[in-house]
Amino acid sequence: MSYLDKSALKVVGTRPVRPDGVDKVIGRATFGADMTMPGMLWAKIKRSPHAHARIKSIDIEKALKVPGVKAIVTAADFPEIKSEEAFVGEGPMNFRDLSSNCMARTKVLYDGHAVAAVAATDPAIAEEACELIEVDYEVLPYVIDVEDAMAPDAPILHDDLLTQGVEPKPTKASNVAKRVTFAKGDIAAGWKEAEVVVERRYTTQPVHQAYIEPHACVVSYGSDAQCTIWSSSQGQFMVRAYCAKLLGLDIANIRAIPAEIGGGFGGKTLIYLEPVALALSKKTGRPVKMVMSREEVFRATGPAAGGVIEVKLGAKKDGHIVAAELLVKLQAGAFPGSPIGPACMCAFAMYDIPHVSIVGYDVVSNRPKVAAYRAPGAPNSTFGSESCVDELAAELGIDPLKLREINAAGEGTKAAHGPTWTNIGFQQTLDAARNHPHMQIPLGPNQGRGIASGFWFNIGGESSAAVHINEDGTASVVEGNPDIGGSRAAMAMMAAEVLGLPYEQVRPIVGDTSQAGYCFLTGGSRVTFATGMAVTQAAEKAVTEMKKRAAMLWDISPDAVDWRDGKAYPAGPNAGSFEPLSLADIALKAGRTGGPIAAEVQLNAQGAGAGFATHICDVEVDRETGHVKILRYTAIQDVGRAIHPAYVEGQIQGGVTQGIGWALNEEYVYDKQGRLDNAGFLDYRVPVCSDLPMIDAVMVEVPNPRHPFGARGVGEVPIVPPMAAVANAVRDAVGLCMRDLPISPPKLRAALDEQDPPRLAAE
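Residues numbered from 1 in each chain as written. Predicted model: local features only at pLDDT ≥ 70, side-chain atom pairs only at ≥ 80, totals over all residues. Heavy atoms only, no water.

Looking at the pattern of salt bridges
Taken as a whole and assessed by the stated rule, the structure comprises 42 salt bridges. For Glu391, the salt bridge is made with Arg200, and the minimal N-O distance between the two is 2.6 Å. You can see Glu391 sitting in helix α11 (residues 378-396) and its partner Arg200 sitting in strand β10 (residues 196-204), a full 191 residues away along the chain. As a salt-bridge pair, Glu405 and Arg434 come within 3.0 Å of each other at their nearest N and O atoms. Here Glu405 is found in helix α12 (residues 400-407), whereas its partner Arg434 is found in helix α13 (residues 426-435), with 29 residues between them in sequence. One salt-bridge network, in which partners are shared between bridges, spans Arg18, Asp20, Lys24, Glu260, Asp483 and Arg488. (Salt bridge = Lys/Arg side-chain N within 4 Å of Asp/Glu carboxyl O. Helix = DSSP H or I, 4+ residues; strand = E, 2+ residues; numbered from the N terminus.)

Things to note about the side chain of Ser100
Summarising the element assignment, Ser100 is placed in helix α3 (residues 95-102). With residues near it in sequence (within four places) discarded, Ser100 still touches His113 and Phe335. (Contact = heavy atoms within 4.5 Å.)

Focus on the environment of Ala210
Among the structural elements, Ala210 can be located in the loop between β10 and β11 (216-221). Separated by 93 residues in sequence, Ala210 and Pro303 have C-alpha atoms that sit 8.8 Å apart. Once residues lying within four places of it in the same chain are set aside, the contact partners of Ala210 are Phe681 and Val686.

Considering the packing of helix α14 (residues 487-499) against helix α15 (residues 527-554)
Put simply, α14 and α15 touch, their axes get as near as 9 Å, and they point 30° apart. By the angle between their directions, the pair α14 and α15 is classed as roughly parallel. The two elements α14 and α15 meet at a crossing, and its hand is right-handed. Contacts between α14 and α15 involve Ser487, Ala490, Met491, Met494, Ala495, Val498 and Leu499 from the former and Val527, Thr528, Thr531, Gly532, Val535, Thr536, Ala539, Glu540, Ala542, Val543 and Met546 from the latter. Looking at the contact of α14 with α15, its residues break down into 12 nonpolar, 5 polar and 1 charged. (Axes fitted to C-alpha atoms, helices over the stretch in contact; angles between N-to-C directions. Parallel < 35°, antiparallel > 145°, perpendicular 65-115°, else oblique. Left-handed = near helix turned anticlockwise from the far one by under 90°. Nonpolar A, V, L, I, M, F, W, Y, C, P; charged D, E, K, R; others polar.)

Things to note about the nonpolar core
In terms of nonpolar packing, the biggest core is built from 109 residues, with Phe348, Leu392, Trp421, Ile630, Tyr633, Val730 and Leu748 touching the most fellow members. Dropping the residues within four chain positions of it, Phe348 is found in contact with Val311, Leu313, Ala324, Glu325, Leu326, Ile353, Val356, Ile358 and Ser385. Among the nonpolar cores identified, the runner-up in size contains 57 residues, and Val11, Ala492, Ala496 and Ala608 belong to it. (Core = buried A, V, L, I, M, F, W, Y, C linked by side-chain atoms within 4.5 Å. Buried < 20%, exposed > 50% of the residue type's maximum accessible area, 1.4 Å probe, protein only.)

Details of the packing of helix α17 (residues 645-664) against helix α18 (residues 722-734)
At a closest axis distance of 8 Å, the pairing of α17 and α18 adopts a crossing angle of 55°. Classified by the interaxial angle, the pair formed by α17 and α18 is oblique. Along this stretch, α17 crosses α18, giving a crossing that reads as right-handed. Contact residues: Gly655, Val656, Gly659, Ile660, Trp662, Ala663 and Leu664 in α17; Pro722, Met723 and Val726 in α18. Split into classes, the residues belonging to the contact of α17 with α18 amount to 8 nonpolar, 2 polar and no charged.

Looking at the state of the cysteines
By the definition in use, this model includes 0 disulfides. Distance from the sulfur of Cys346, which forms no disulfide, to the nearest cysteine sulfur (Cys344) is 9.5 Å. Free of any disulfide, Cys388 has its nearest neighbouring cysteine sulfur in Cys737, separated by 9.7 Å. (Disulfide = S-S within 2.5 Å.)

Some points on the packing of aromatic side chains
The description of two aromatic rings rests on the distance between their centres and on the angle between their planes. Tallied over the full model, the rule gives 17 aromatic pairs. Centre to centre, the rings of Tyr668 and Tyr684 are 6.2 Å apart; their planes meet at 90°, and the pair counts as edge-to-face. Residue Tyr668 is located in the loop between α17 and β28 (696-700), and its partner Tyr684 is located in the loop between α17 and β28; the two are separated by 16 residues in the primary sequence. Under the relative-accessibility criterion, Tyr684 is labelled buried at 0%. Taken together through their ring pairs, the aromatic side chains of Phe298, Tyr668, Tyr670, Phe681 and Tyr684 make up a single cluster. Residue placement shows Arg564 over the ring face of Tyr569; its charged tip is 4.0 Å from the ring centre. (Phe/Tyr/Trp six-rings, centres within 6.5 Å; stacked < 30°, edge-to-face > 60°. Lys NZ or Arg CZ within 6 Å of the ring centre and 35° of its normal.)

Below is the structure:
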C-alpha cells in the first residue's frame, strides 16, 4: 500500500518528541559503560607501542601473580581462523583479519594493536597487570602514507596479500589489496572531444568518527555455555555473528543485547572488545566488563580512510563535461577493506558525463584498520571531483552552480558504476540552491562562497519487525536496529499512521537477538527505509487481522470492512448498519475472536533510492592567522519523504558539521616512530558549537516510490559535499586552491605567505 499523498497523512511529517528523549536528557538511559553485574570483573588490554613488529614471545607470569588478577588471554586463546570473506557488518570483512585485529597473533601492525588482555577484580589492578606483561618484539620497518605503501620497496604487512582485480594475477605480495575499475563510453574519444582539460591531485587525511561514547561491553559466559553480551554497537546481530565466528561458538548460544548508543557514524559496525571479554569470561566463569579510554578509541579503532584523489575533467567551451577520469588510492589501515568501491561509485554520480574512467586502489599500511564513517569513501573522492569541477568552472569562466546545472544527472541518466537514475531529486537541489536567499547575500573582503554537490546510493537489506496490539488498544513495535538518529520515533510514526493511532499510543522497542527477528545493522542509511518498510507491512497485516475480527463480531465478510482513523467501519450500506469499532474495542474482545492480535514481517528491502545534495558555504579567512571561519552554511538535500522532519534536519546538520571538521582541522598525526601523536580531544580538533553558525537544512522531497511513505536514506549524504564546499569557498575568498586537507591555520597561513610573502619590517 502507498501513503505517498502527503495531504492525507496525520502523523508522518510531524515533529513529536522522541520516545527515548527524556531518559537521555535526565541521564537515565543505559549506555554501554553503565551495565554492571554481580561478581563482575574488569578487563584491560595490553597494546603495542610499535607500528610494525614481530611478536617473539609474551610472558604473562608476573602479571598473573598480581593479587586480584583472575585471567589473561592472548591470541593463543582464540581459535585459528582461515581466510574467509563475509558481509556481516557495513562492508566486506575477512574473519581471519577481524580475529587478528581483536588480538595480534604473530605480528603487531599498528601502534595500539592489542596483544593481551587481563581480567581482574578492579580496573586499576588490570592496568597494573598489563604493565607487567612482557612482550619481546622484533621491530620491523613500517609505512604510514598510502603512496609510500604502494612503492615497490615498501615494507610488506602481509606476506600472502596478492592484489585482486589485476591481470595477470600477481605472484608477489604487496600492500595493494585490490584494484577496482568502472568505465562508461570511450574515454579516448572523450578526450578528443574536450576543448578544455583540467587535471588535479588532491589528498585527504584519515579522521575519526569521534563519537562521544567510547566502546564498552559487559559479557557473561554461563556455566551452560549460554553467553550474554551487552554492548554499544550499531548492530547486535553483527556482534553475535562475529563473536560466534571468532570464538567457535554456536550463534544460538549467544544473546546480544544492544545498549543505548552514544554515537557511531559507522565506527561501531565492527567489534573490538566483545570477543576478548567473552574469552576472559569463559576462562574465569565470571562476567567481564571492558570500557575503552579515549586514547584507546583513537589508537585502536577504525577511523575513516584517507587517501589521494587524482581527477581529470574535459569539457566543451559551453560547459558540457564530455570526459572524466578518476584515480583513487585509499588507506585501508592494517588489514584490507577501505571503502574504495563506494569512493569510485560516488565521485561522478551527480553528473551526466558520456565518457568516464575510474580506477581505485585499496592499500594497507601501519595504521588502525579503517571503519565506516558516514558514506564511507564518498567524501574523499567527492572532495577531489567537486573541487576539480570548480577549477574547471574557473577555466571556462562559468559560474560554478551553472556548470553543475548544465551537467546534472536526471531521469534516465546512466551512472558510470551501472545504475540508470529514476525518481532522483538532484536537479531540484540545484534549483533550490539557485533560488535560496543565501545566494543573494553580498560578500566582504577575504570572504568567499563555495558550492559542492554529493551523492550516496543508500542501501536496503534484511529487516524484521513485529506489531503487537495491546489489550487496551495501544500498540508495541519491536524491531532489531539500534537507534542512532531517531529511528524509534520514525518506526512509531509509520506504525501509528497505518494503525490510525496517535503517536503517543505506539511504543517502539529495539529488541535484542532473542526478541526480534534478524535485522542487518544500522548503517548505510537503511533503517527508516528497510526496517520502516517491515514495520509498515507488519502494521498493515495487523489492520487486516483487525478487520477480520470486526467482521466476526458483525458476522459479515472481512471484505465488507473498511479501516479508517483507527476504527473499523462497514464498507457501505450493503455491508450492514453497525457502529464503528475502535482498535481498543477490537483488542478488548480479541479473546473471543481468536486470541492476541499481532503481526510479523521479514523482508529483504530493495530500491533504497539514491540520495543527492547541494551545499552552499560562506567563509571568511583571517590572513594573519590562516583561520577559516564558517559564516553561513546551507545544505539542500533530496530526502524522499521526511518521516520526522526534525530528525532529518538533525542528520543533515550533523553530517555537515563532521564534514567541516574533516575539511578544516581533523587528521591523524604520527611521529617518527609511527605512533599516533594526537590521541585525544585536546590535540584532535573537532568542531564545537562556537565554531559554526546555525546550519540551514533545506529538505527537497522527491518521494521514493519503492517505499510506502516515499522515504529514502538521509544520514550519509550530508557529509559528502562539505569538504569541497569549504575548500571552494576558501579559493573564492583568497584565490588559493587548497588541495590537501585539512585546511588548518598553519597550512593555510603558509600558502598565503607563499602567495603574498610577508614584507620585512622597515629598518
